Protein chains: 4
Amino acid sequence: MNTFGTNFRITTFGESHGIAVGCVIDGCPPGITLDEHDIQPFLDRRRPGTSPLVSPRSEKDRVEILSGVFEGKTTGTPVALLVKNEEAHSQDYGELRTLFRPGHADFTYQQKYGVRDHRGGGRSSGRETVGRVAAGAVAVKFLAAKGISIAGTILEVHGKTAPAAIEAEILAAKNAGDSVGGIAEIVVKGCPAGLGDPVFGKLDAAIAGAMMGIGAVKGVEIGDGFAVAGRFGSENNDPITKDGFSSNHAGGILGGISTGQEIVVRIAVKPTPSIAKPQRTVDLHGKDAEIAVRGRHDPCILPRIVPVAEAMIALVLIDCWLEQAKIRA
Amino acid sequence: MNTFGTNFRITTFGESHGIAVGCVIDGCPPGITLDEHDIQPFLDRRRPGTSPLVSPRSEKDRVEILSGVFEGKTTGTPVALLVKNEEAHSQDYGELRTLFRPGHADFTYQQKYGVRDHRGGGRSSGRETVGRVAAGAVAVKFLAAKGISIAGTILEVHGKTAPAAIEAEILAAKNAGDSVGGIAEIVVKGCPAGLGDPVFGKLDAAIAGAMMGIGAVKGVEIGDGFAVAGRFGSENNDPITKDGFSSNHAGGILGGISTGQEIVVRIAVKPTPSIAKPQRTVDLHGKDAEIAVRGRHDPCILPRIVPVAEAMIALVLIDCWLEQAKIRA
Amino acid sequence: MNTFGTNFRITTFGESHGIAVGCVIDGCPPGITLDEHDIQPFLDRRRPGTSPLVSPRSEKDRVEILSGVFEGKTTGTPVALLVKNEEAHSQDYGELRTLFRPGHADFTYQQKYGVRDHRGGGRSSGRETVGRVAAGAVAVKFLAAKGISIAGTILEVHGKTAPAAIEAEILAAKNAGDSVGGIAEIVVKGCPAGLGDPVFGKLDAAIAGAMMGIGAVKGVEIGDGFAVAGRFGSENNDPITKDGFSSNHAGGILGGISTGQEIVVRIAVKPTPSIAKPQRTVDLHGKDAEIAVRGRHDPCILPRIVPVAEAMIALVLIDCWLEQAKIRA
Amino acid sequence: MNTFGTNFRITTFGESHGIAVGCVIDGCPPGITLDEHDIQPFLDRRRPGTSPLVSPRSEKDRVEILSGVFEGKTTGTPVALLVKNEEAHSQDYGELRTLFRPGHADFTYQQKYGVRDHRGGGRSSGRETVGRVAAGAVAVKFLAAKGISIAGTILEVHGKTAPAAIEAEILAAKNAGDSVGGIAEIVVKGCPAGLGDPVFGKLDAAIAGAMMGIGAVKGVEIGDGFAVAGRFGSENNDPITKDGFSSNHAGGILGGISTGQEIVVRIAVKPTPSIAKPQRTVDLHGKDAEIAVRGRHDPCILPRIVPVAEAMIALVLIDCWLEQAKIRA
């Protein structure tokens, strides 16, 4: 299943070291002013090679709009977005043909399909998110016109919360041939009440699925999240007054539908599994082996996941927005 | 969206105080031995009125199979499951016609639809989960034949972990006209490697969406969850040996696909929002008001959510199992 | 696949001689005034036992709305519709357990599922359409409020076109233990331009699929249908003038989208395969046999198919209407 | 809706005079031997410029596989197929910016979206079918390995059935600045019994929808089609014997499920609406106008529709094949 959304449906395609990655948006509303400049900044935020904190793979990630836009406006037909893979060092990945990297999808893809493109993780590479971010940029543009904005921040990396400490922590891990995890928070502002669809299309359910569908995410919270487990109902309920809710423990969602408050989402991201330190693994034949993952990796993937998380939330919201249009058709 | 699943698709229907609740399963494989006795025990686990710890509403929740089963076996046609509502005290809910209960979906349903069945929460009531649990029982039966089992346990209620302390905490909250939250863990045993579908049909994404789609759930973790944020990659990766994985921080899922290990899921459940203590709210016209929720409520909803969570995970797994059949068609 | 539609989704369930038939509508807009009296007349048009021309099975087909309606209005939650089976003479069908009726789905269900409810055709019985017609009635009510109406007429039965000749032809076939086929036309009035969704959601494609999805339908035409094969483009194109189109060869659809003209659909319906005359067949073990189908059958199914065809077109149109709401969201 | 299929899902994209056309296949089974040479011959059959009978637009239609294939085999990940538009004479279409061509989707796209790419019909151009045919080629390869083949033939053009007469008829129409319609038949051989999914996923319903979803198709028949309307049941039923069915009026499908016989489909195709003869129309402002469609058009579109129809039937069948895998999962 490489398709996300029911109204604004994106299908991503492409492998890390194939010819290209990209996506097709089916269900994009007509009349959105759009060209490549609306999308490129989002790809630039997620692309590698931009700082010592992230992978040095130097992809330009130039997006090309192949269809669905005419004279600067979307036409309601599918928007195909293409990003060519330029700097694919496949030779770095030769040993991955036979060895499974711990913490990666190598083993499970092999189990599932009986075949896999091992180069740089193939389809399971984070590079697949290029298509999501490109599509998310279109969603962001649509939502911005409705007054909705989405912004993510890093709360914590390996227990540190101050920016300088976080940077130091990441560099230390990098130098040690290791990696670190962290927590990010994404906040949606300007979302009106009424978005989200009970029972199985709940806004928080859709967001949780979208977040956990990002590689490396292992936990999701809405509003106060796990903290609610230690509360009384009288503490946790958000009182309603004629001036609106007087608190937001719920994170802007009740019964799966937006309340009109800020929507607050937190995600826990595991340390990048690709590390230079030697690890125990097996080969295709189940024989014990050792692997030290070469290639160009992120000592902390969190900074590059934040724009992906924002994109996914934008995709959820535009989907809900379009769904909502049916209610009073 | 009241439909869940793409291969084993369930559609639930019904309101808390309407004529009946239930569901239709479309895509149920033929040849499953099935009668009401396979389903009833699951409904009995989630139904109210069974202990002082849960709501005293005394529903028998007798399930009737209306279709899709012939001479004790499923035929591949839709399985419709019906549970009549018997003990609906709608008079308890008269003031809910005009007042929004804090922490409930009353306000958001009204915003979304402009109309709502206010009686006992109508469609947003936990009673809707009867249909999920009934369908889940069918999935459980199918999965059991494949050697897969699912079991949930309560880890913690309002900070307490010992069973006696948990029970005391719940009763204390009840007596105080209040409610408490908690954490449960659901573990899947016997799941083979290969289930789950990259990119957007990841097993963990589907589980996270399913969990957050249960009312009152505010957080979801797979495997070590939020704890991974404080780890090094070298600690968090699960080494692979010829005898299998030597740890399970990942919770049995890599790249969205099952590894063959136990699948470990944790959920945070908020305190029941229906409490007898007075709370501030507004009425339909936005005027300030006070509400003390009457009716028969659970001082801690967690025990009744566990079977729902198990059912939802069973629904996710059967869906993945059927999806997997296509891979080597 | 027992679900139809993407926005107004119906799932039908039930077998001819089971406990009940019915359907659940997921995606029904809120605020439609609805009670059983809005649905019953549609069921009465398709039900058997009403004239010597149709099956004498005497079902009352009383519909019950189980959910989704509150104080006379739809709430946006699933509308479950139930019709109990009352007069099921299963004993008439004993030999169908082992014999396949020619022209019926008995053989193919057995091949597909390896098991089947043989009583009266089980799920493949025309009785399944009760659910479609009930759901269609809700769609008709919605569409009527938008000024859209749908009406079918019988054009021809076994080569005869005059009502009296048609009736005589059907009775003659009945008396001979045989059956006859025919052609019906369904016309939609009041449909605005713009409904229907290129490329794979074309209005005519959806209608054609819906029509061919009715048992016994073997041909579908839109507008002039097969007659266009013998035309020049200059004859067949519908000129456009400032007062609108000056002809309607296209049947109200261009490029899969409604033009605002009448939508014209024709269907060819085969003679009922259940006939009293002896026919060659085989049993479950592939042994040659003879069958004379007992039970209560329609000598011409066309009159009872017309309301089903209308219902299906209503379901297609409401789906397109809701889809269209997203365009200018 | 630019996506077709539920298991083998294709999404096509691209406009006639945009940068490229193509499609993404989501759900392609792993392990199919595939390279561009498997696809190109199918595109060559539908492409223009190959004979005096079809449009002289001279597109090479070179397909490029962007993803989903590794070392000559599909991997189970999305297969993206791209065909660049090379010979787009957009200047031929200047007047189409403001004039609606009769018989085309110009008017209805404008009504639906309020905006359209008018160049060569934009998205509504037959050029969109490049993506379908490319995807169909992959399906054909899969089906061939299962012993299933699909072949279409032209039965009739403008009333003529002999090949020489058909060719003369087409050239005469071309010389007159006009166009002609016709009928084609597509036959599937080698399809086993059991494919197709009651109730709404019937094989014939899916085929009918797929056929009517091809631009210019106005009628669809399965088996004997409209001829059944004039039959007795005793004539029309296909008797079953221990050696199989003794006739095939049903066209290989009963109750929506394949019988194991040949599947027989006929389609009626209207004369190409683009003709050089002047026609009455209106402009964007509703003012009366006259149009003589310039550009490079097919005097009879039928020969180029046959490979599209074959492709669509292949897509239906692979979808049913994968669906069937779930039955005995």
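Cut-offs and rules
- Residues numbered from 1 in each chain as written.
- Chains lettered and ligands numbered in written order.
- Predicted model: local features only at pLDDT ≥ 70, side-chain atom pairs only at ≥ 80, totals over all residues.
- Heavy atoms only, no water.
- Helix = DSSP H or I, 4+ residues; strand = E, 2+ residues; numbered from the N terminus.
- Rg over C-alpha atoms; globule rule 2.2 N^0.38 Å.
- Buried < 20%, exposed > 50% of the residue type's maximum accessible area, 1.4 Å probe, protein only.
- Contact = heavy atoms within 4.5 Å.
- Areas by Shrake-Rupley, 256 points an atom, 1.4 Å probe, with all protein chains shown as cover.
- Lys, Arg positive; Asp, Glu negative; His and termini not counted.
- Charge placed at Lys NZ, Arg CZ, Asp CG, Glu CD.
- Least-squares fit on C-alpha atoms with pLDDT ≥ 70 in both.
- Salt bridge = Lys/Arg side-chain N within 4 Å of Asp/Glu carboxyl O.
- Buried area = accessible area lost by both parts, 1.4 Å probe.
- Polar contact = N/O pair within 3.5 Å; in protein donor to acceptor, adjacent residues only side chain to side chain.
- Pairing = 2+ DSSP bridges.
- Disulfide = S-S within 2.5 Å.
- Axes fitted to C-alpha atoms, helices over the stretch in contact; angles between N-to-C directions.
- Parallel < 35°, antiparallel > 145°, perpendicular 65-115°, else oblique.
- Left-handed = near helix turned anticlockwise from the far one by under 90°.
- Core = buried A, V, L, I, M, F, W, Y, C linked by side-chain atoms within 4.5 Å.
- Expected span 1.5 Å × (residues − 1).
- Phe/Tyr/Trp six-rings, centres within 6.5 Å; stacked < 30°, edge-to-face > 60°.

Enquirer: Help me out: how do you make sense of the overall build of chain A in this one?
Expert: Each helix and strand counted, chain A has seven helices and 17 strands in total. A globule of 329 residues ought to have a C-alpha radius of gyration of about 20 Å, and chain A, at 21 Å, matches this closely. Each principal axis of the C-alpha distribution contributes one length, and for chain A these read about 65 × 55 × 40 Å. Counting only residues that meet the buried cut, chain A has 66% of its 329 residues in that class. Taking the contacts inside chain A whose residues are at least 6 apart along the sequence as the reference set, 71% of them involve residues at least 24 apart. Here chain A has roughly 10000 Å² of accessible surface; of this, 54% comes from carbon and sulfur atoms. In chain A, 36 side chains carry a positive charge and 37 a negative one; their mean positions are 2 Å apart.

Enquirer: How do you make sense of the relation of the copies chain B and chain A when you look at a structure like this?
Expert: Two chain copies, one operation linking them: a rotation about an axis together with a shift along it. After a rotation of 180° and a shift along the axis of 0.0 Å, chain B superposes on chain A with an RMSD of 0.0 Å. Such a combination of rotation and displacement between the chain copies is what one expects of a two-fold axis. Closest approach to the rotation axis within chain B is made by the C-alpha atom of Gly 209 of chain B, at a distance of 2.1 Å. An overlap of 100% is found between the interface residues of chain B and their copies at the interface of chain A, pointing to a shared contact surface.

Enquirer: Hey, could you run me through the pattern of salt bridges in this one?
Expert: A side chain of one charge can pair with a side chain of the opposite charge when the charged atoms of the two come close. Tallied over the full model, the rule gives 80 salt bridges over all chains. Salt-bridge contacts for Glu 128 of chain A lead to Arg 132 of chain A; the nearest nitrogen and oxygen are separated by 3.0 Å. We note that Glu 128 of chain A, like Arg 132 of chain A, is buried. Among the ionic pairs, Lys 277 of chain C bridges to Asp 178 of chain C, the shortest N-O distance being 3.3 Å. Here the residue Lys 277 of chain C occupies a position in the loop between strand E15 (263–269) and strand E16 (279–282), and Asp 178 of chain C occupies one in the loop between helix H4 (163–175) and strand E9 (182–189), the gap between them amounting to 99 residues. Relative accessible area serves as the criterion here: at 33%, Lys 277 of chain C is assigned to the partly exposed category.

Enquirer: I keep staring at the relation of the copies chain B and chain C and nothing clicks. Help me out?
Expert: For the match of chain B to chain C, the screw axis carries a shift of 0.0 Å, the RMSD comes to 0.0 Å, and the turn is 180°. Comparing interface residues between copies, 100% of those in chain B also lie at the interface in chain C; the contact surface is shared.

Enquirer: I keep staring at the interface of chain B and chain A and nothing clicks. Help me out?
Expert: When the parts of a complex come together, some accessible area is lost, and that lost area is often taken as the interface size. On the side of chain A, 98 residues touch chain B, which itself brings 98 residues to the contact. At the boundary of chain B with chain A, total buried surface from both sides reaches about 7600 Å², with 62% on carbon and sulfur atoms. The residue Asp 197 of chain A makes a salt bridge to Lys 112 of chain B at a minimum N-O spacing of 3.9 Å. Between chain B and chain A we count 53 residue pairs in polar contact (both at pLDDT 80 or more) in total. Broken down by element, the side of chain B that touches chain A gets its largest block of residues, six residues, from helix H2 (residues 106–113) of chain B. When strand E10 (residues 217–222) of chain A meets strand E10 (residues 217–222) of chain B, the two strands line up antiparallel, connected through three bridges. Considered in E10 of chain B, the bridge of Gly 219 of chain A is made with Glu 221 of chain B.

Enquirer: It is not clear to me how the state of the cysteines should be interpreted in this structure. Could you clarify?
Expert: A covalent bond between the sulfur atoms of two cysteines is what we call a disulfide. Per the counting criterion, the structure on display carries zero disulfides over all chains. For Cys 191 of chain C, which is in no disulfide, the shortest distance to another cysteine sulfur is to Cys 320 of chain C and amounts to 8.0 Å.

Enquirer: Help me understand the sheet that holds E15 of chain C, please; the structure alone is not making it clear to me.
Expert: Read from one edge to the other, the open sheet built from eight strands follows the order E8(C)-E9(C)-E15(C)-E10(C)-E10(D)-E15(D)-E9(D)-E8(D), with strand pairing classed as antiparallel. Both edges of this open sheet fall to strand E8 (149–157) of chain C together with strand E8 (149–157) of chain D, since each of them pairs with a single strand only. Across the sheet, the mean angle from the axis of one strand to that of its neighbour is 20°, orientation sign disregarded.

Enquirer: What am I meant to see in the pairing of strand E7 (residues 79–84) of chain D here?
Expert: Along any regular strand, the residues point their side chains to alternate faces of the sheet. Residue and element names in this part refer to chain D. Among the six residues that make up E7, five are buried, leaving the element largely enclosed by the rest of the structure. With six bridges connecting them, strand E3 (residues 20–26) and E7 associate as antiparallel partners. Bridge pairing links Val 21 to Val 83 in E7. Note that strand E4 (residues 63–65) and E7 share three bridges and pair antiparallel. Residue pairing across strands places Val 63 opposite Val 83, the latter belonging to E7.

Enquirer: Explain the interface of chain B and chain C to me, please; I cannot follow it from the model alone.
Expert: If you look at the interface, chain B gives 37 residues, while chain C gives 37 residues. At the surface where chain B touches chain C, the tally comes to two salt bridges. Of the charged contacts in the structure, one is a salt bridge between Glu 71 of chain B and Arg 97 of chain C, with a shortest N-O distance of 2.6 Å. Between chain B and chain C we count 10 residue pairs in polar contact (both at pLDDT 80 or more) in total.

Enquirer: Sorry if this is basic, but what is going on with unusual backbone geometry here?
Expert: Comment: phi is negative for the bulk of residues other than glycine, and the bulk of peptide bonds are trans. Residues Pro 198 of chain B and Val 199 of chain B are joined by a peptide bond in cis, for which omega reads 5°. Positive phi, close to 50°, is recorded for His 158 of chain D, a residue that is not glycine. Tracing the backbone through its elements, the reader meets His 158 of chain D in the loop between E8 and helix H4 (163–175). When its relative accessible area of 13% is taken as the criterion, His 158 of chain D is described as buried. The phi dihedral of Ala 216 of chain D falls on the positive side, at around 85°, and the residue is not glycine. Mapped onto the secondary structure, Ala 216 of chain D falls in the loop between helix H5 (203–212) and strand E10 (217–222).

Enquirer: Sorry, what's going on with the packing of helix H3 (residues 129–144) of chain A against helix H7 (residues 302–325) of chain A here?
Expert: Between two packed helices, both the angle of their axes relative to each other and the distance between the axes serve to describe the pair. All names here are of chain A. Taken N-terminus to C-terminus, the directions of H3 and H7 make an angle of 50°; their axes are 8 Å apart at the nearest point. Accordingly, the angle class assigned to the pair H3 and H7 is oblique. The hand of the H3/H7 crossing is left-handed. Taking contact as the criterion, the partners of Thr 129, Arg 132, Val 133, Ala 135, Gly 136, Ala 139, Val 140, Phe 142 and Leu 143 in H3 are, on H7, Pro 307, Val 308, Ala 311, Met 312, Ala 314, Leu 315, Leu 317, Ile 318, Trp 321 and Leu 322.

Enquirer: Even after reading the chapter, I still don't get the sheet that holds E3 of chain D, so can you show me in this structure?
Expert: In sheet architecture, strand pairing relies on hydrogen bonds along the backbone and comes in two forms, parallel and antiparallel. Residue and element names in this part refer to chain D. In spatial order, the strands read E1-E2-E3-E7-E4; together these five strands make up an open sheet with antiparallel pairing. A strand with exactly one partner marks an edge of an open sheet, and here the two such strands are strand E1 (3–4) and E4. Packing against the sheet, helix H1 (residues 36–46) makes contact with E4 and E7, and its axis sits at approximately 150° to E4.

Enquirer: Is there a simple way to think about the environment of Glu 71 of chain D in this case?
Expert: Position of Glu 71 of chain D relative to the elements: it lies in the loop between strand E5 (69–70) and strand E6 (73–74). When its relative accessible area of 55% is taken as the criterion, Glu 71 of chain D is described as exposed. Here Arg 97 of chain A takes part through its side chain, which lies 2.6 Å from a polar atom of the side chain of Glu 71 of chain D.

Enquirer: I'm lost on the nonpolar core in this one. Help?
Expert: Burial of nonpolar side chains together is a common tendency in soluble globular proteins. Core analysis: the largest hydrophobic core is formed by 151 residues, its most contacted members being Met 211 and Leu 317 of chain C together with Met 211 and Leu 317 of chain D. Every residue in contact with Met 211 of chain D, bar those within four places of it in the chain, is listed here: Ile 186, Val 217, Val 220, Val 265, Ile 267, Ala 309, Met 312 and Ile 313 of chain D. Ile 166 and Ile 170 of chain A together with Ala 173 and Val 269 of chain B belong to the second largest nonpolar core, which has 150 residues in total.

Enquirer: Would you take a moment to explain the side chain of Thr 75 of chain B for this structure?
Expert: Here Thr 75 of chain B is to be found in the loop between strand E6 (73–74) and strand E7 (79–84). Here Thr 75 of chain B falls in the buried class, since its relative accessible area comes to 4%. A polar contact is formed between the side chain of Thr 75 of chain B and the side chain of Thr 77 of chain B, at a distance of 2.8 Å. For Thr 75 of chain B, the residues in contact, after removing those within four places along its chain, are Pro 30, Gly 68 and Phe 70 of chain B together with Tyr 113, Val 115 and Asp 117 of chain C.

Enquirer: What exactly am I supposed to notice about the pairing of strand E17 (residues 288–291) of chain D here?
Expert: Residue and element names in this part refer to chain D. When strand E16 (residues 279–282) meets E17, the two strands line up antiparallel, connected through four bridges. Considered in E17, the bridge of Val 282 is made with Asp 288. Hairpin connection, E16 to E17: the antiparallel pair is bridged by five residues, and Gly 286 has positive phi, about 85°.

Enquirer: Honestly, helix H7 (residues 302–325) of chain C in this entry has me stumped. Any pointers?
Expert: Along an α-helix, residues three or four positions apart point the same way, because every turn accommodates 3.6 residues. Taking 1.5 Å per residue, 24 residues should reach 34 Å; H7 of chain C reaches 35 Å between its end C-alpha atoms and fits that length. Here H7 of chain C lies mainly inside the structure; 22 of its 24 residues are buried.

Enquirer: Explain the packing of aromatic side chains here, please?
Expert: The relation between two aromatic rings is expressed through the spacing of the ring centres and the mutual angle of the planes. Counted under the stated rule, the structure contains 18 aromatic pairs over all chains. Geometrically, the ring pair formed by Phe 4 of chain A and Phe 200 of chain B is tilted, given 5.3 Å between the ring centres and 50° between the ring planes. One end of the pair, Phe 4 of chain A, is in strand E1 (residues 3–4); the other, Phe 200 of chain B, is in the loop between strand E9 (182–189) and helix H5 (203–212), on a second chain. With respect to class, Phe 4 of chain A is no different from Phe 200 of chain B; both count as buried. The interplanar angle of 65° and the centroid separation of 6.2 Å between the aromatic rings of Phe 226 of chain C and Phe 226 of chain D together place this pair among those described as edge-to-face. Of the two residues, Phe 226 of chain C is situated in the loop between strand E10 (217–222) and helix H6 (233–236) and Phe 226 of chain D in the loop between E10 and helix H6 (233–236); the pairing between them involves two chains.

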